[in-house]
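Spelled out from the first residue to the last, the chains are:
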Amino acid sequence: MNRLRLLSSFVLLAGALGCHAQKLSPADARRVEVLIRNKFNVPAYYDVTVGERRKSEMPGFDTVTVTFTNLEAEQNAAATKNFDFLISQDGKTFAQLNRYDIPQDPGAGISDGNRPARGGPASAPVHIVIYDDLQCPFCARMHAQLFPAILERYGDKIHVVYKDFPLGQHPWAVHAAVDANCLAEQSAPGYWSLVDNVHAHYADVPPLKPSADKDAKPADAVKPATELLDKWTRDEAVKQKVNLEKLNACIAKQDDSAVTSSIKEGDSLGVDATPQLFINGERLAGALPLKYVYKMIDGALLAAGVTPPPAPVDPPAAQKPAGN
């Protein structure tokens, strides 16, 4: 019930309610119901039931539970939702307050996962974890903005890792992630070089190749793309002088269990699109301008007691040639 999501914010709603009692009178319960329906545009097919008062932890307020029941919900569907509100003991104010525990370390629940890193060591004051999709054009845009810019500005003050979050609508993204991880097992620099290359040239990867053969397998349509990705991976492996036999076995196996685990982890953090950055636990979603990334990194450095480097100076605008 999308309209009721607004109930998660703190709101104070003035109302003329009756005297303090454990159970609201029918008239007072009706006033609360009308207030809620009008304030949050509750559809007519929802029943709104106002419960009894009970003691709250908020001085001067009692708690009441309001139940919303969808009268048109299908059988066995989640038809009922409960929300706790506060009602002042003088009966004149209605409110809702959500409480959250403030984490000691906002980034503690977001691990680097022993992924190949850029920048400084794991002891760097700022950790940047980026959920990435190698077929995502917005990820490619963000990648081009980030590197080498943030490394040149922050150096060893930041520790950057990518985590896999291929989206379902991108047919070769999982394969690309598996290939990159195969290379990462033997060469972190090779991993990053391959990621740089795929993001820079993702548009060169062949599109799906439909087949008139009714017996054709789904993998056949994406085969031209995966063959090119495998070639890029092997070419980089040769540059890095890794064990090609081991790499080829990994590419052939296409074990996506680590990718699936990374997706589940992203889901648990609320990741629902790419790219998404977590800068010492603070989320930044989408391919936003680099100035916002700088702002978040600078804030994380200051919180860690580290002075951020000077802001980069924009190059002067090119002068226009003098008119004739």
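Summary of the structure given here. Bear in mind the structure is a predicted one, so any value in this text is a computation, not a measurement.

## Quick look at the overall build of the protein
Thinking step 1. Secondary structure summary: the protein contains 9 helices and 11 strands in total.
Thinking step 2. By residue count, 42% of the 324 residues in the protein fall in the buried class.
Thinking step 3. For the protein, long-range pairs separated by at least 24 residues make up 68% of all intrachain contacts whose partners lie at least 6 apart in sequence.
Thinking step 4. Accessible surface, the protein as shown: approximately 18,700 Å² in total, 53% of it carbon and sulfur.

## Looking at the sheet that holds strand β10 (residues 276-279)
Thinking step 1. Spatial ordering of the open sheet is given by β7-β9-β8-β10-β11, a layout of 5 strands whose pairing is mixed. Here the strands that pair on one side only, and so sit at the sheet edges, are β7 (117-119) and β11 (282-285). Across the sheet, the mean angle from the axis of one strand to that of its neighbour is 20°, orientation sign disregarded.
Thinking step 2. Relative to strand β9 (residues 158-164), β7 runs antiparallel, the two sharing 3 bridges. Looking across to β9, one finds that A117 is bridged to V161.
Thinking step 3. In the packing of helix α5 (residues 188-201) onto the sheet, contacts are made with β7, β8 (126-132) and β9, and the angle to β9 comes to roughly 65°.

## Notes on the pairing of strand β2 (residues 46-50)
Looking along a regular strand, one sees side chains alternate from face to face of the sheet.
Thinking step 1. Of the two faces of β2, the one lined by Y46, V48 and V50 is fully buried and the one lined by D47 and T49 carries no buried residue.
Thinking step 2. Sheet topology places β2 next to strand β4 (residues 61-70); 5 bridges connect them, and they run antiparallel. Bridge pairing in β4 links V48 to F68.

## Concerning the pattern of salt bridges
In a structure, side chains of opposite charge can pair up when their charged atoms sit close to one another.
Thinking step 1. Per the counting criterion, the structure on display carries 11 salt bridges.
Thinking step 2. A salt bridge links E265 to K163, with the nearest nitrogen and oxygen atoms 2.7 Å apart. On the criterion of sequence distance, the pair formed by E265 in helix α8 (residues 257-268) and K163 in strand β9 is long-range, its members being 102 residues apart.
Thinking step 3. Ionic pairing is found between D235 and K231, a salt bridge with its closest N-O pair at 2.8 Å.

## Quick look at the state of the cysteines
Thinking step 1. Under the defined criterion, the tally for this structure stands at 1 disulfide.
Thinking step 2. With a sulfur-sulfur separation of 2.1 Å, C182 is cross-linked through a disulfide to C250. The sign of the S-S torsion, about -80°, decides the handedness of the disulfide formed by C182 and C250: left-handed. Note that C182 is positioned in helix α4 (residues 173-184) and C250 in helix α7 (residues 244-253), a separation of 68 residues in sequence.

## Looking at the nonpolar core
Thinking step 1. Residues I128, L146, I150, V293 and I297 are the most contacted members of the largest nonpolar core, which totals 48 residues.
Thinking step 2. Ignoring any residue separated from it by four or fewer positions in sequence, one finds I297 in contact with V126, I128, Y154, I158 and I279.
Thinking step 3. Counting 16 residues, the second largest nonpolar core, distinct from the first, contains A29, V32, F40 and V50.

## Thoughts on the pairing of strand β6 (residues 93-96)
Thinking step 1. Judged from the 2 bridges that link them, strand β5 (residues 80-88) and β6 form a sheet pairing that is antiparallel. Each residue of the ladder has a partner; that of L86, found in β6, is A95.
Thinking step 2. Counting the residues in the hairpin turn of β5 and β6 gives 4 residues, including G91, whose phi is positive at 75°.

## Remarks on the packing of α4 against α7
Thinking step 1. One way to put it is that α4 packs onto α7 with a least axis distance of 9 Å and a crossing angle of 155°. On the basis of the axis angle, α4 is roughly antiparallel to α7. In the crossing of α4 with α7, the sense of the turn from one axis to the other is right-handed. Within the contact between the two elements, α4 uses D179, C182 and L183 and α7 uses L247, C250 and I251.
Thinking step 2. Residue composition of the contact of α4 with α7, by class: 5 nonpolar, no polar and 1 charged.

## Describing empty space enclosed by the protein
Thinking step 1. Under the criterion given, the structure shown has 2 cavities of 30 Å³ or more.
Thinking step 2. Taken as a whole, the largest cavity holds about 70 Å³ of empty space.
Thinking step 3. For the largest cavity, the lining is made up of 13 residues, of which D132, D133, L134, D164 and A177 are closest to its centre.
Thinking step 4. Contributions of two or more residues to the lining of the largest cavity are made by β9, α4 and α5.
Thinking step 5. Class assignment of the residues belonging to the lining of the largest cavity gives a composition of 9 nonpolar, no polar and 4 charged.
Thinking step 6. Here the second largest cavity defines a volume of roughly 40 Å³.
Thinking step 7. In terms of lining residues, the second largest cavity is bounded by L134, A176, D179, A180, L194, V198, L229 and T233.
Thinking step 8. Elements represented by at least two residues in the lining of the second largest cavity include exactly α4, α5 and α6 (218-240).
Thinking step 9. Taken together, the residues of the lining of the second largest cavity break down into 6 nonpolar, 1 polar and 1 charged.

Calculation notes
Within each chain, residue numbers correspond to sequence positions counted from 1 in written order. It should be noted that, the model being predicted, local features are given only for residues of pLDDT at least 70 and side-chain atom pairs only at 80 or more, the latter also being counted only at that level, while totals for whole chains, interfaces and linings use all residues. As a rule here, side-chain values cover all heavy atoms of the structure and leave hydrogens and water aside. Only runs of H or I of at least four residues qualify as helices and only runs of E of at least two qualify as strands under DSSP, and these elements are numbered from the N terminus. A simple rule labels every residue: compare its accessible area, found with a 1.4 Å probe on the protein chains alone, to the largest value its type can have, and call it buried under 20%, exposed over 50%, or partly exposed in between. Whether two residues are in contact is decided by their heavy atoms: any pair within 4.5 Å suffices. Under the convention used here, a 1.4 Å probe and the Shrake-Rupley method define accessible areas, while residue burial counts only the protein chains that appear. Here a strand pair is declared whenever DSSP counts at least two bridges between the two strands. Axis definition: a line fitted to C-alpha atoms, limited for helices to the stretch in contact. Angles are taken between N-to-C directions and run from 0 to 180 degrees. Salt bridge criterion: a side-chain nitrogen from Lys or Arg within 4 Å of a carboxyl oxygen from Asp or Glu. The term disulfide is used for any two cysteine sulfur atoms that are within 2.5 Å. The set of buried Ala, Val, Leu, Ile, Met, Phe, Trp, Tyr and Cys residues whose side-chain atoms join them within 4.5 Å is what this entry labels a nonpolar core. Oblique is the label for any angle not under 35 degrees, not over 145, and not in the 65 to 115 range, which are roughly parallel, roughly antiparallel and roughly perpendicular in turn. Working rule for handedness: look at the near helix, and if it is turned counterclockwise from the far one by less than a right angle, call the crossing left-handed; if clockwise, right-handed. Residues are grouped as follows: Ala, Val, Leu, Ile, Met, Phe, Trp, Tyr, Cys and Pro are nonpolar; Asp, Glu, Lys and Arg are charged; every other residue, Gly included, is polar. For cavity detection a 1 Å grid was placed over the protein atoms alone, and a set of points counts as a cavity when a 1.4 Å probe fits there but cannot get out; an open set counts as a pocket when protein lies on both sides within 12 Å along at least five of seven lines, with lining residues being those that have an atom within 4 Å of a point. Grid points are joined across faces, edges and corners, and a volume is the space filled by probe spheres set on the points.

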